[in-house]
Amino acid sequence: MRLSVIVSTYNKPHDLERVLHGYAAQTDRAFELLVADDGSGPETAAVIERVRGQAGLPVVHVWHEDRGFRKSEIMNRAIVASTGDYLLFTDGDSIPRADLVATHRALARPGAYLAGGYLKLSDQASKAITVDDVRAGRMVDLRWLRANGWRPGRRALRLVRSPVLAAALDRLTPTAPLFAGNNASVWREAMFAANGFDMEMGYGGLDRAVGYRLVNLGVRGIQVRHRAVCMHLHHQRPYKDAEGMRRNREILESIRRTGQTRARRGIAELEADASLRILRE
């Protein structure tokens with residue numbers, strides 16, 4: 001299996017740096033890493049170059065100019081630029097546990113996508129995490145997290161390290177295996193069958209729409225939230241738009257009601273973009 005990891009980002013270089021070091025610290029390093037950059041400034045390019053040098057981590061930087069929220073489009077560009085036959089999607093604010101890639105690879109199944117899990121960190125804990133903490137894996141250590149102001153409560157169960165217990169919890173959880181953009185994986189051919197991400201959708205549900213279309217295609221979701229884990233850094237969302245989210249909800253309902261299997265404006269509708277840059281290492 002050739003595996004590609006696609007990380008979305010937009011003007012969060014400090015977060016992205018820690019995330020990239022998280023992928024450099026993976027127990028399974030046999031993957032291609034692409035950063036789908038929705039028009040970030042030069043600080044993001046500098047972070048990618050720095051991590052390449054410090055961690056020896058090859059990164060494909062897929063960038064287009066900033067013309068508003070166009071995450072769906074840059075994700076589609078990254079999918080096209082990827083070379084893996086299996087794709088793992090995540091965000092530039094979600095630091096992976098060291099076994100994330102290995103877990104997705106081991107649990108991948110024909111005709112299925114994997115729905116991983118994440119834990120939302122407090123602002124205090126998010127700010128406390130350094131690159132060294134990521135490299136050492138301290139950001140998933142409950143004692144360290146509690147010492148830095150995070151109180152997980154029952155969510156601590158998502159950090160269990162026993163594969164047997166984690167698998168049992170995934171079977172028992174009532175949470176549906178929804179396709180979430182910060183921790184989900186699927187076969188490349190299935191993403192093309194679903195026509196990728198819908199470029200008509202703004203923030204709020206664009207990844208869930210992919211999951212609904214995959215299900216309509218007969219691709220089943222597998223719950224792995226206790227086995228495939230990443231830590232979500234706290235941040236504000238100034239790009240949230242109430243009217244756009246309402247429209248997205250209508251699109252999601254339409255997909256479920258009509259059985260739609262392909263994005264209306266997705267990979268097949270990508271047009272030439274003179275600003276597009278694909279920088280490979």
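All figures in this text were calculated on a predicted structure; none of them were measured in a lab.

Observations regarding the overall build of the chain
- Helices and strands together make up the secondary structure of the chain, namely 11 helices and 11 strands.
- The C-alpha radius of gyration computed for the chain amounts to 18 Å, which stays within 12% of the reference 19 Å derived for 281 residues, consistent with globular compactness.
- Judged by the C-alpha coordinates and their principal axes, the chain covers about 45 × 45 × 40 Å.
- In the chain, which comprises 281 residues, the proportion classed as buried is 54%.

Quick word on the side chain of R97
- Within the secondary structure, R97 is located in the loop between β5 (94-96) and α4 (100-107).
- With near-sequence residues (within four places) excluded, R97 lies in contact with Q26, M139, V140, R158, L159, V160, R161, H226, R227, V229 and C230.

Here's the deal with unusual backbone geometry
- Unusually for a residue other than glycine, N11 sits at a positive phi of about 50°.
- Locating N11 in the fold gives a position in the loop between β1 (3-9) and α1 (13-24).
- One non-glycine residue with positive phi stands out, namely N195, at about 65°.
- Tracing the backbone through its elements, the reader meets N195 in the loop between α9 (188-193) and α10 (206-216).
- Among the residues examined, N195 registers a relative accessible area of 2% and is labelled buried.

Re the nonpolar core
- If you look at the biggest cluster of nonpolar residues, it comprises 42 residues, and the most contacted ones within it are V5, L20, Y23, L33 and M231.
- In terms of residue count, the dominant contributor to this core is α1 (5 residues).
- Setting aside its immediate chain neighbours within four residues, V5 contacts Y23, F31, E32, L33, L34, L88, T90 and V101.
- Listed in part, the 32 residues of the second largest apolar core include V62, M75, I79 and V186.

Quick notes on the pattern of salt bridges
- Counting across every chain of the model gives 20 salt bridges.
- Note that R227 and D170 form a salt bridge whose closest N and O atoms lie 2.7 Å from each other. On the criterion of sequence distance, the pair formed by R227 in the loop between β9 (220-223) and β10 (229-232) and D170 in helix α8 (residues 163-172) is long-range, its members being 57 residues apart. The pair R227 / D170 is uniform in exposure class, with both members buried.

Thresholds applied
Residues numbered from 1 in each chain as written. Predicted model: local features only at pLDDT ≥ 70, side-chain atom pairs only at ≥ 80, totals over all residues. Heavy atoms only, no water. Helix = DSSP H or I, 4+ residues; strand = E, 2+ residues; numbered from the N terminus. Rg over C-alpha atoms; globule rule 2.2 N^0.38 Å. Buried < 20%, exposed > 50% of the residue type's maximum accessible area, 1.4 Å probe, protein only. Contact = heavy atoms within 4.5 Å. Core = buried A, V, L, I, M, F, W, Y, C linked by side-chain atoms within 4.5 Å. Salt bridge = Lys/Arg side-chain N within 4 Å of Asp/Glu carboxyl O.

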